Amino acid sequence: MAKEECITQWNKTGDTSTLRNRKIFPTSEKTPSTPLSKDKSSLSEDDTQSSNGTSAEWSARGVVSNEPPSRGLLMLVVGLSFSTRLYKITEPPHVCWDETHFGKMGSYYINRTFFFDVHPPLGKMLIGLAGYMTGYDGTFPFIKPGDKYEHHNYWGMRGFCAVLGSFLPIFAYLIVLELSQSHTAALITATLLIFDTGCITISQYILLDPILMFFIMAAVLSMVKFNQQRYRPFTASWWLWLVLTGVNLAGALGVKFVGLFVVLLVGLNTVWDLWRILGDLSLSMVEITKHFLARVVGLILLPLLLYITIFAVHFVVLNKSGPGDGFFSSAFQSRLIGNNLHNASMPEYLAYGSTITVKNLRIAGGYLHSHWHLYPEGVGAKQQQVTAYLHKDYNNLWLVHRHGDNESQSGTPDLVRHGDIIRLEHKETTRNLHSHLHEAPLTKKHFQVTGYGINGTGDTNDQWQVEVCGGRKGDLVKVLRSKVRFRHRATGCVLYSSGKTLPKWGWEQVEVTCSPYLKETPSSQWNIEDHINPKLPNISLSVLKPHFLEILLESHIVMIRGNSGLKPKDHEMNSKPWHWPINYQGLRFSGVNDTEYRVYLLGNPVVWWTNLASLGLYIIMVAVASIALQRGFSLGQKRIEHSLVLMGKGGLLLLGWLLHYIPFYTMGRVLYYHHYFPAMLFSSMLTGITLDILLKSADLLLRPPYSDWLQRVGQMVFLFSVLYSFYLFHPLSYGMTGPLAHEPGSAMAGLKWMDSWEF
């Protein structure tokens with residue numbers, strides 16, 4: 001039987017030697033095994049088991065005798081990473097940037113108060129847990145940036161994010177070391193990330209970004225480790241890294257939906273891995289099926305189970321009514337303690353003379369709402385605004401009248417039925433719900449809806465016909481359970497929530513129109529939520545509580561629509577994706593003028609521009625290497641290995657960068673500079689491999705020892721440039737006071753290299 005030969009090669013990388021292994025396919029004759037060293041186990045002729053995992057041990061062709069990471073270098077990376085992130089972690093002692101959102105949400109978890117956010121809950125849950133475990137009591141209001149923390153214990157939440165952010169250079173070091181088997185490449189990557197002011201800043205505050213990037217990098221590291229176990233299938237270490245990959249995928253997706261990008265990266269890697277296994281003719285179909293099912297369990301079912309569990313915990317913890325109630329359906333709200341629908345009782349059927357709130361069935365469609373403000377000049381008729389409002393409010397209350405007259409003040413009121421003509425009077429302003437042939441403010445093919453008349457007087461344009469969806473004439477309108485449409489008698493259109501956000505004159509509430517398109521959709525369907533009528537008996541609403549899968553589905557629809565609704569507002573800073581790789585513009589985390597403590601999120605320009613240059617350099621080097629290999633040039637064993645690492649392992653990192661960057665060009669939502677940081681991690685890892693191989697190619701220009709000297713000089717120039725630029729720009733992360741950069745006497749004088757930088 002033919003036997004594979006394991007050829008070892010020592011490749012000098014800086015001051016560390018790394019054992020290299022190259023797999024050679026079987027030849028027609030056996031080759032005696034040769035000990036690698038006294039410390040390295042040799043391969044005997046008996047080591048010829050199949051790689052299918054059913055043998056007692058793994059095959060000789062799968063033995064990968066990688067030199068373990070240098071403990072000294074790893075400890076250096078760990079020490080520098082943690083010290084740069086935890087330094088001045090309590091400064092400034094006030095709310096910075098999005099801490100006002102995520103710190104507040106952490107408080108909601110501690111207080112068990114329900115809220116709405118466009119991101120999945122894991123990151124906020126962990127922030128709340130970190131605060132709770134370090135003595136924070138959840139009482140700080142987090143109203144706006146700049147508010148002083150005073151006696152409140154905020155350091156635990158910041159420290160938790162900083163610790164997770166400290167793992168990013170460590171994970172990157174281990175990933176690159178695993179891919180390239182080069183300590184030099186790994187150290188270049190770690191240096192880029194440790195001394196990047198942007199990575200430091202984004203790790204030091206109560207934000208989701210360091211938590212998200214922790215899970216992304218942990219997933220990639222687990223995937224790479226799992227790939228290295230490919231010739232040891234179904235062993236304990238093989239299962240460990242498979243399971244850890246799935247766990248971290250669930251973590252990334254549980255923090256933000258952009259975690260889908262790393263899910264896609266792992267998915268593509270898995271498809272390629274399975275394709276390779278399918279081509280291994282030594283494996284039976286049973287063994288191939290075992291490989292497939294193991295990946296389905298570890299990379300699909302396990303992450304899905306964990307992701308659902310995150311939401312289960314989220315719903316159990318947040319069981320009290322809060323500011324997020326109005327984004328969800330009436331049935332959803334009925335499960336929240338303190339909500340007016342929780343264990344509530346009210347009249348079962350809608351009646352004339354009742355005071356009601358009317359909720360649109362579109363997710364985040366809002367409550368029918370009005371207020372004293374009028375539509376501005378040039379926006380239809382200058383009458384009272386009618387909108388949909390996402391929060392519970394007194395201005396959501398309406399009185400139900402029979403058209404043309406008022407209800408009697410005594411006796412049992414008549415019930416509203418399918419086909420009845422009604423008039424809805426706004427309780428606060430006494431104006432009637434009204435429509436006419438003027439076009440709507442935003443949805444131009446729809447008609448305007450206004451408040452008209454006074455104290456119940458109006459005209460025929462105030463009349464609406466009640467239609468119970470799926471009902472027949474005479475059917476009663478059930479509170480909460482009936483889906484109802486309101487058809488305008490004069491024009492034939494139906495009351496509609498467009499989901500579009502009105503400008504500031506409409507208080508950025510949701511547009512309500514009258515749609516001439518009569519197809520039944522959630523946007524044209526409403527339900528009666530609150531129902532007050534002391535003349536009618538009440539029933540319990542506890543039967544309306546939804547099942548877990550129903551609230552899970554609804555919460556995802558609300559989050560997705562909330563994300564898509566994050567459009568740039570007037571005069572709001574909106575970063576462009578092409579800005580990010582060139583470090584065009586940062587973000588103010590704290591302070592504006594020279595009297596304030598200023599923190600500015602901006603990447604170390606030397607790091608970011610090195611990454612940008614390395615992307616172009618990588619493409620050139622891959623093109624040259626591909627042509628040389630295709631033409632059969634004599635490159636030597638070492639250079640062939642470098643080319644394979646560059647194209648194979650570097651290609652994986654390039655794919656990771658593309659998946660975490662290119663999709664932002666297709667997004668219509670508002671974008672910010674910090675969205676690029678996951679992609680920046682992949683770019684830095686790719687830079688480590690690219691620069692390492694470039695420097696090792698110095699022998700193409702000079703002979704030893706001059707090539708070695710050139711390599712050392714290149715490494716020293718790189719290290720000095722990164723460290724010196726960090727020395728210059730570190731105040732961006734650790735705080736600036738005094739004059740601004742363009743003013744005399746500033747500590748940052750001369751460092752505003754681009755006019756778009758705002759420090």
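As a starting point, this report considers the structure included with it. All of these numbers come straight from a predicted model, not from anything done at the bench.

1. As for the overall build of the protein chain
1) Next: In terms of regular secondary structure, the protein chain is built from 17 helices and 18 strands.
2) Next: Counting across all 759 residues of the protein chain, residues that qualify as buried make up 53%.
3) Next: Sequence-distant contacts, at least 24 apart, represent 74% of the contacts inside the protein chain between residues at least 6 apart.

2. Observations concerning the pairing of strand E7 (residues 398-402)
Both faces of the sheet carry side chains from a regular strand, because those side chains alternate between them.
1) Next: E7 sits mainly inside the fold: four of its five residues count as buried.
2) Next: With two bridges joining them, strand E4 (residues 355-360) and E7 adopt antiparallel strand pairing. For Ile356, the partnering residue across the bridge sits in E7 and is Trp398.

3. Examining helix H10 (residues 285-317)
One full turn of an α-helix is made of 3.6 residues, so residues set three or four places apart face in the same direction.
1) Next: Over its 33 residues, H10 extends 46 Å from the first C-alpha to the last, a length consistent with the 48 Å expected when each residue adds 1.5 Å.
2) Next: The largest bend in H10 is about 30°, located at Val297.

4. Here we look at empty space enclosed by the protein
1) Next: Inspection of the entire model under this criterion finds five cavities of 30 Å³ or more.
2) Next: Taken together, 14 residues make up the lining of the largest cavity; nearest its centre are Phe115, Asp117, His314, Phe328 and Met559.
3) Next: Elements with a contribution of two residues or more to the lining of the largest cavity: H10 and helix H12 (548-564).
4) Next: Residue classes in the lining of the largest cavity are distributed as nine nonpolar, three polar and two charged.

5. Considerations on the pattern of salt bridges
Pairing of side chains with opposite charge becomes possible as their charged atoms draw close.
1) Next: Counted under the stated rule, the structure contains 16 salt bridges.
2) Next: A salt bridge links Asp273 to Arg295; its shortest N-O distance comes to 2.8 Å. A residue pair is termed long-range when its members are at least 10 positions apart, and Asp273 in helix H9 (residues 260-278) and Arg295 in helix H10 qualify at 22 residues.
3) Next: The partner of Asp414 in a salt bridge is Arg402, with the nearest N and O atoms 2.6 Å apart. With a gap of 12 residues between them, Asp414 in the loop between E7 and strand E8 (421-426) and Arg402 in strand E7 connect regions that are remote in the sequence.

6. Some thoughts on the state of the cysteines
1) Next: Enumeration over the complete set of coordinates arrives at one disulfide.
2) Next: There is a disulfide in this structure between Cys493 and Cys514, and the S-S distance comes to 1.9 Å. Every disulfide takes its handedness from the sign of the S-S torsion; for Cys493 and Cys514 that torsion is 95°, giving right-handed. Of this pair, Cys493 sits in the loop between strand E12 (484-488) and strand E13 (494-501) while Cys514 sits in strand E14 (residues 510-515), and the two are 21 residues apart along the sequence.
3) Next: You can call Cys514 buried: its relative accessible area is 0%.

What counts and how
Just so you know, the residues in each chain are numbered from 1, in the order the chain's sequence is written. At least 70 in pLDDT is required for a residue's local features to be given in this predicted model, at least 80 for side-chain atom pairs to be given and counted, and no such filter applies to totals for whole chains, interfaces and linings, which use all residues. For side-chain calculations, the full set of non-hydrogen atoms in the structure is used, while hydrogens and water are omitted. Numbering of helices and strands starts at the N terminus; helices are DSSP runs of H or I of at least 4 residues and strands are runs of E of at least 2. Categorising residues by exposure relies on relative accessible area from a 1.4 Å probe, with only protein chains included: less than 20% of the type maximum marks a residue as buried, more than 50% marks it as exposed, and the intermediate range marks it as partly exposed. Two residues form a contact once any of their heavy atoms are found within 4.5 Å. Pairing between strands requires that DSSP locate at least two bridges from one strand to the other. The length a helix should cover is 1.5 Å for every residue beyond the first. Note on bend: the value at a residue is the angle between axes fitted to the seven residues ending there and to the seven starting there. With a 1 Å grid spanning the protein atoms alone, the term cavity applies to any set of points in which a 1.4 Å probe fits but cannot get out, the term pocket to an open set with protein on both sides within 12 Å along at least five of seven lines, and the term lining residue to any residue with an atom within 4 Å of a point. Grid points are joined across faces, edges and corners, and a volume is the space filled by probe spheres set on the points. Note on residue categories: nonpolar means Ala, Val, Leu, Ile, Met, Phe, Trp, Tyr, Cys or Pro, charged means Asp, Glu, Lys or Arg, and polar means any other residue, Gly included. Note on definitions: salt bridges are taken to be side-chain nitrogens of Lys or Arg within 4 Å of carboxyl oxygens of Asp or Glu. Two cysteine sulfurs form a disulfide in these notes if their separation is within 2.5 Å.

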